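Architecture and fold: a report
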Amino acid sequence: MSLPFYTLGYKTVKLCHWLSAHADYNEAMGAKTLIWIGVFVGSLVGGGLGALVSHGNWMSWQSLLGSVAGSFLGIYAGYKANQYI
């Protein structure tokens, strides 16, 4: 696995130094954990944006639709975050 890096003059700074130093990170926080975090945050943000559209009504169809869409985006973001790590 190649880690991304940037060169700053004569020094090379590795962005994923912490992850390479702690090889058991993937076992401690797996794909399921990242996906569940994405679902929770996505549905909260999506529901909040839907409530803003419907003037503060958290039980509107806009809020429900935003929560569902945010959950699916959270699943995708958690999956991609697990691939990056």
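Residues numbered from 1 in each chain as written. Predicted model: local features only at pLDDT ≥ 70, side-chain atom pairs only at ≥ 80, totals over all residues. Heavy atoms only, no water.

Next up on the list: the overall build of the protein. Along its length, the protein carries four helices and two strands. Listing each helix as α and each strand as β along the protein from the N terminus yields β-β-α-α-α-α. By the burial criterion, 21% of the 85 residues in the protein qualify as buried. Considering only intrachain contacts with a sequence separation of at least 6, the fraction spanning at least 24 residues in the protein is 46%. (Helix = DSSP H or I, 4+ residues; strand = E, 2+ residues; numbered from the N terminus. Buried < 20%, exposed > 50% of the residue type's maximum accessible area, 1.4 Å probe, protein only. Contact = heavy atoms within 4.5 Å.)

To continue, consider the side chain of Ser54. Turning to its location among the elements, Ser54 is positioned in the loop between helix H3 (31–53) and helix H4 (61–84). Setting aside its immediate chain neighbours within four residues, Ser54 contacts Ser60 and Gln62.

One can find Ser60 in the loop between H3 and H4. We classify Ser60 as buried; its relative accessible area is 10%. A polar atom in the side chain of Ser60 sits 3.0 Å from the side chain of Ser54. Looking at Ser60, its side chain comes within polar contact range of the side chain of Gln62, at 3.3 Å. Those residues in contact with Ser60, other than ones at most four positions away along the chain, are Gly50 and Ser54. (Polar contact = N/O pair within 3.5 Å; in protein donor to acceptor, adjacent residues only side chain to side chain.)

Take H3 next. For H3, with 23 residues, the first-to-last C-alpha span of 32 Å sits near the 33 Å given by 1.5 Å per residue. By the burial criterion, the buried members of H3 are Leu34, Gly38, Val39, Gly42, Gly46, Gly47, Gly48, Gly50 and Ala51. Where the residues of H3 are buried, they touch H4. Of the residues trailing H3, His55 is marked for its positive phi of about 60°. (Expected span 1.5 Å × (residues − 1).)

The end-to-end C-alpha separation of H4 is 34 Å, in line with the 34 Å expected for 24 residues at 1.5 Å each. Where H4 is concerned, the buried positions are Ser63, Gly66, Gly70, Ser71, Gly74 and Gly78.

Moving on to a nonpolar patch on the surface. On the surface, Ile37, Phe40, Val41, Leu44, Val45, Leu49 and Leu52 cluster together into a nonpolar patch covering about 710 Å² of accessible area. Its relative accessible area of 57% is what places Phe40 among the exposed residues. (Patch = residues over 30% accessible without salt bridge, like charges linked within 9 Å, V, L, I, M, F, W, Y side chains within 5 Å. Areas by Shrake-Rupley, 256 points an atom, 1.4 Å probe, with all protein chains shown as cover. Salt bridge = Lys/Arg side-chain N within 4 Å of Asp/Glu carboxyl O.)

Moving on to the environment of Val68. The topology assignment puts Val68 in helix H4. Separated by 26 residues in the primary sequence, Val68 and Gly42 place their C-alpha atoms 8.4 Å from one another.

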